[in-house]
Amino acid sequence: MLVALTIRDIVVIDRLSISFGTGMTVFTGETGAGKSILLDALSLALGARGDASLVRAGAKQGEVAAVFDLAADHPVQALLDERGLAVGDQLILRRVQNADGRSRAFVNDEPVSVGLMRDIGVRLVEIHGQHDDRAMVDGARHRALLDAYGGLAKETTMVAEAFAEWRRRSQDLKELGERIAVARADREYLRAAVDELVELAPQPAEETHLADARQRMMRVDRIASDIAEARDVVTGDASPIPILASLVRRLERKAEAADGVLDASVQALDAALSALQEAEAVLANAMAAVTIDPGELERSEERLFALRAASRKHAVPVSELADLTSRLAADLSALETGEERLKALEAETGRALDNYRTNAAALSAARRRAGELLATAVAAELPDLKLERASFNVEIATDTERVSEVGADAVAFVVQTNPGQRQGPLMKVASGGELSRFLLALKVALSDRGSAPTLVFDEVDTAVGGAVADAIGSRLARLADRVQVVSVTHAPQVAARAGAHLLVAKEAIERGTKVATSVAGLSGDSRREEIARMLAGATVTDEARAAADRLILGAA
């Protein structure tokens, strides 16, 4: 419920902080005191359209904050959880309106969109009055209100689930049908493409592996060429080994006659010969190590060429050829086996539609029963509200061909204000005062089902008095037994039934140079005096005070 409303710099309001309790609270005061501005400020905090004209003259911005006690199971909790907004048992909706027309919205000091604030607001507070932007006359809501009144949560859930199942199967059927249609048009291409790709058998990342292997083999081939050249120098036709071997043998034969002069030379040449022979062996081993199969490089290049040719042909990267193979094979399989699956899906979709229609028909029947009960309940309230010649009905138009998550019904609340007059929508048929009373009767019938926890009535007693005003007060008090009720009223019969009475007035500020709206709680003599003023007008008499006492005692 609403527990507090704080307003700063809105129209003629300077600073206000208002506390609310359970039951029924009324605002009274002279015309022009600012009662409607209080509701405009509350509407702003609930996500209504902002306007620069709402900002108090001379101020840069105005601000409104509405504080609510929020039950753990209230639907707003789930809505906020979906948006990642942590909220406990207290919720603060704050709206800042700038003088340049811009506005900002906050939920527990977290910035949010005005749209989200509006979604939250409609779940917390309903404002009803003579103006269409505040009245519960939105035809789109009538079906939901009827379902809530009839306790049709189970039936509506079953219809929604049946619709979801039918839609899912319909989507599967549509997608399979489209795939089969495409596959039929390209049957020969698919078959040839799949055969070609299956034979090619491309693997993920194969292009990268082949390119790396090719580069590696080309590098090894260049190294092998260098080793072969070195080996040719050592062991080829121009090899120095045979020459050195011949020289060593000749010098060895002459070494004895040379008295040791040739010994060192023979040793050096012999060492050079050994080194060359060792180099020959090492180069041979190196050559064996780097020798590659010429066919392997050729095969890698051919494989790479084949993959890239397929890539160009099918206009996909080489890395996606494997996925393309699977996809085309699946399309071909869908063509070859899809007709059977298509027939099965058609049967499943048909059964899902039959199930939906069965549940939708049951819901329609339940709505008609609930509609009759609601119409009877509202009709019972009308005579005391001076609408004894009027009628209220729930029109239900059922389109059995319609398939939607809410069923096959269009629901509308229609009224007839006088016998012989055509029935029509609330807004088109009822006058301002009649509309307010119709809505009050409707809210009394719906009070414990499909109602926001806080109901605000803006001058619902306009243009009535006496017994009708008393009947309105009685019904507002009955509503207040189930939900929180806030009413702006000019009727003393309504004010007398309130649990809390707040007086709205204008008072001078800043040494009398400006005025601002004030709100004061009334009780005892001050409350009696205000109700007496509402009865008597400008001059409050003892008779008016006595009448006020009787109203207060009679309402107790």
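Look above for the structure.
Please read all numbers here as calculations on a predicted model, not as lab measurements. (Residues numbered from 1 in each chain as written. Predicted model: local features only at pLDDT ≥ 70, side-chain atom pairs only at ≥ 80, totals over all residues. Heavy atoms only, no water.)

**Observations regarding the overall build of the protein chain**
When helices and strands are counted, the protein chain shows 17 helices and 15 strands. Its C-alpha atoms give the protein chain a radius of gyration of 46 Å, more than 25% over the compact-globule value 24 Å for 556 residues. Residues counted as buried form 42% of the 556 residues belonging to the protein chain. Considering only intrachain contacts with a sequence separation of at least 6, the fraction spanning at least 24 residues in the protein chain is 68%. Here the protein chain has roughly 28,600 Å² of accessible surface; of this, 51% comes from carbon and sulfur atoms. When the 67 positive and 84 negative side-chain charges of the protein chain are each reduced to one mean point, those points stand 7 Å apart. (Helix = DSSP H or I, 4+ residues; strand = E, 2+ residues; numbered from the N terminus. Rg over C-alpha atoms; globule rule 2.2 N^0.38 Å. Buried < 20%, exposed > 50% of the residue type's maximum accessible area, 1.4 Å probe, protein only. Contact = heavy atoms within 4.5 Å. Areas by Shrake-Rupley, 256 points an atom, 1.4 Å probe, with all protein chains shown as cover. Lys, Arg positive; Asp, Glu negative; His and termini not counted. Charge placed at Lys NZ, Arg CZ, Asp CG, Glu CD.)

**Focus: the sheet that holds strand E9 (residues 391-398)**
With respect to topology, 3 strands assemble into an open sheet ordered E9-E10-E11, the strand pairing being antiparallel. What marks the edges here is a single partner per strand, and that holds for E9 and strand E11 (424-425). (Pairing = 2+ DSSP bridges.)

**Focus on a negative patch on the surface**
Taken together, the side chains of Asp226, Glu229, Asp232 and Asp237 present a region of like negative charge at the surface. Its location among the elements puts Asp237 in the loop between helix H7 (206-235) and helix H8 (241-254). Its relative accessible area of 89% is what places Asp237 among the exposed residues. (Patch = residues over 30% accessible without salt bridge, like charges linked within 9 Å, V, L, I, M, F, W, Y side chains within 5 Å. Salt bridge = Lys/Arg side-chain N within 4 Å of Asp/Glu carboxyl O.)

**Points about the pattern of salt bridges**
Using the criterion set out here, one finds 26 salt bridges in the structure. As a salt-bridge pair, Arg533 and Glu30 come within 3.3 Å of each other at their nearest N and O atoms. On the criterion of sequence distance, the pair formed by Arg533 in helix H16 (residues 524-536) and Glu30 in the loop between strand E3 (24-28) and helix H1 (35-45) is long-range, its members being 503 residues apart. Classification of Glu30 by relative accessible area gives partly exposed; the value is 48%. With a closest N to O distance of 2.9 Å, Glu196 and Lys313 form a salt bridge.

**Topic: empty space enclosed by the protein**
Tallied over the full model, the rule gives 1 cavity of 30 Å³ or more. Space inside the largest cavity adds up to approximately 70 Å³. Around the largest cavity, the lining residues are Leu2, Leu5, Ile18, Phe20, Phe27, Leu38, Leu39, Leu42, Val456 and Val486. When residues of the lining of the largest cavity are traced back to their parent elements, those giving at least two are strand E1 (2-10) and H1. Per-element accounting of the lining of the largest cavity gives the leading share, 3 residues, to H1. Residues belonging to the lining of the largest cavity are distributed by class as follows: 10 nonpolar, no polar and no charged. (1 Å grid on protein atoms, 1.4 Å probe; cavity = no way out; pocket = protein on both sides within 12 Å on 5 of 7 lines; lining within 4 Å. Points joined across faces, edges and corners; volume = space filled by probe spheres on them. Nonpolar A, V, L, I, M, F, W, Y, C, P; charged D, E, K, R; others polar.)

In short, the description is geometric, and any link to function would need to be established separately.
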